[in-house]
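Chain and residue survey
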Amino acid sequence: MRRRPRDFWGINQMKKLFCILLLTAFCSIGHAFEFNRFPAGRIEGGRLSWASSSSIKLSVGYGEIMGSYWEITPPDTLVTVGYTLTGLTPTANGVFHYLYVDRSNSSLPNIVLKNSTTAPTWSNDFMGWYNGSDRCIGAVWVKPDAQINYFYCSDDVTYNWESTTLINPGSVSTTGVWTLYDFNDFVPKNAIAVQAGLHIWQSSVTWTMCRAGIMPERGLSTYGEGVTQTEAYCVIPFERGAQKKCKWLALASSSTGNVVLFIWSYKIER
C-alpha cells in the first residue's frame with residue numbers, strides 16, 4: 001500500500017501568514033514615518049495682539065523650527081500674561097521689532113520668545129523666515145517715542161492699525177507725473193502685501209477736476225476722481241524679500257493743494 005505524503009498545508013499556511021504580517025508591519029512603519037513627520041515651514045496660530053505700549057500677547061499655536069516642533073498652549077504665560085518687548089528706545093522714524101522663537105533657549109516644544117530689530121532672512125532649507133536659528137513669528141511697529149503702535153490682527157499674519165502717514169503734505173501736479181515712493185522703513189522685511197491710500201484736496205481754490213492714483217512699482221493702478229478732493233486705495237503685493245515701493249499720482253487742474261500718502265495694514269510671511 002502506497003503511503004500518502006505528510007500534509008504540510010498547515011505549516012505552509014503559517015509561513016505565508018507570517019510573511020504577510022511582517023510585510024504589513026514594514027508598510028505601517030513606513031506609512032507612519034511618512035505622515036507623522038512635521039512638515040517644514042508649517043506654522044498655525046501664534047497670532048499677536050496689542051496688550052500695552054510695551055507688551056503683546058500671543059494666541060495658542062504651533063509650528064516647526066529647523067525640523068523641531070514647538071507649541072503655545074492655553075496656560076502659557078505668552079497667552080495669559082503676554083510678552084514685554086526688550087530694548088525699546090526712541091528712534092528718529094520708528095522701527096520694526098521682529099518676534100522670534102529663541103531656539104537655543106527654548107525647551108521645545110515649550111518656547112522662549114525674544115524680539116530684535118534685526119530683520120529675518122528667508123531660508124529655503126527650512127521654508128521660513130529666520131535670524132540664525134531663530135524663527136520669526138511676528139513683526140510689530142514701534143513708534144519714534146519707543147511705544148508699540150496699537151494694532152490688531154484680523155488673521156494670523158495680517159496687521160491692522162491706525163494709518164501711518166508717509167507723505168504730508170505732498171504737492172499736486174498739473175501734468176500727471178507718477179512719483180516713486182520707497183516705504184521700506186514703514187513695512188517689515190517679510191511683508192508680502194500692504195494696503196496704501198492717497199488723499200488729495202484743496203481748500204482755497206476750486207478745482208475743475210482732480211485725480212488720485214496709486215499702484216505697485218510694477219502693476220495695475222487704481223484711481224479716484226473728484227473736483228475739490230478725492231482718494232485712491234490699493235493693495236500692493238510684494239515678491240518675497242523685494243523692496244517695498246509704490247507709485248502715486250496727484251493730478252489736478254491747479255497745482256495748489258495737498259497730498260497725503262498713508263498705509264494702514266500689512267501682511268507678513270512667517
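Model, not experiment: these values are computed from the prediction.

Rules and cut-offs
- Residues numbered from 1 in each chain as written.
- Predicted model: local features only at pLDDT ≥ 70, side-chain atom pairs only at ≥ 80, totals over all residues.
- Heavy atoms only, no water.
- Pairing = 2+ DSSP bridges.
- Helix = DSSP H or I, 4+ residues; strand = E, 2+ residues; numbered from the N terminus.
- Buried < 20%, exposed > 50% of the residue type's maximum accessible area, 1.4 Å probe, protein only.
- Contact = heavy atoms within 4.5 Å.
- Core = buried A, V, L, I, M, F, W, Y, C linked by side-chain atoms within 4.5 Å.
- Phe/Tyr/Trp six-rings, centres within 6.5 Å; stacked < 30°, edge-to-face > 60°.
- Lys NZ or Arg CZ within 6 Å of the ring centre and 35° of its normal.
- Salt bridge = Lys/Arg side-chain N within 4 Å of Asp/Glu carboxyl O.

1. A look at the sheet that holds strand S6 (residues 83–84)
Ordered by their spatial adjacency, 3 strands build an open sheet running S2-S3-S6, and the pairing between neighbours is antiparallel. The strands lining the two open edges of the sheet, one partner per strand, are strand S2 (48–50) and S6. Pairing of S2 with strand S3 (residues 55–58), which is carried by 3 bridges, proceeds in the antiparallel orientation. The residue of S3 that forms the bridge with Leu-48 is Leu-58.

2. Brief notes about the environment of Ser-68
When you line up the elements, Ser-68 lands in strand S5 (residues 68–72). Take Ser-68: its relative accessible area is 21%, and that puts it in the partly exposed class. Once residues within four sequence positions are removed from consideration, Ser-68 is found in contact with Gly-63, Arg-103 and Leu-108.

3. Some details on the nonpolar core
In terms of nonpolar packing, the biggest core is built from 60 residues, with Leu-48, Ile-56, Val-140, Phe-151, Tyr-181, Phe-183 and Leu-261 touching the most fellow members. Look past the residues within four positions of Ile-56 in its chain and what remains in contact with it is Leu-48, Ser-49, Ala-51, Gly-82, Tyr-83, Leu-85, Val-140, Ile-148 and Phe-151.

4. Looking at the packing of aromatic side chains
Going through the model one piece at a time under the given rule, you end up with 16 aromatic pairs. Summarising the aromatic geometry, the rings of Tyr-233 and Trp-264 are spaced 5.7 Å apart at their centres and angled 85 degrees between planes, so their arrangement reads as edge-to-face. In this pair, Tyr-233 sits in strand S18 (residues 229–237) while Trp-264 sits in strand S20 (residues 258–268), placing the two residues 31 residues apart along the sequence. Under the relative-accessibility criterion, Tyr-233 is labelled partly exposed at 41%. Here Trp-264 falls in the partly exposed class, since its relative accessible area comes to 22%. Among the aromatic residues, those joined into a ring-pair cluster are Phe-96, Trp-141, Phe-151, Tyr-159, Trp-161, Phe-186 and Tyr-266. Here Arg-211 stacks its cationic end above the ring of Tyr-223, 4.5 Å away from the centre of that ring. Positioned over the ring face of Trp-122 is Arg-240, at 3.6 Å from the centre of the ring.

5. A short note on the pattern of salt bridges
One pass over the full model with this rule turns up 6 salt bridges. The salt bridge involving Arg-240 is made with Glu-269; its shortest N-O contact spans 2.8 Å. With Arg-240 in the loop between S18 and strand S19 (245–252) and Glu-269 in the segment after S20, this residue pair connects regions lying 29 residues apart in the sequence.

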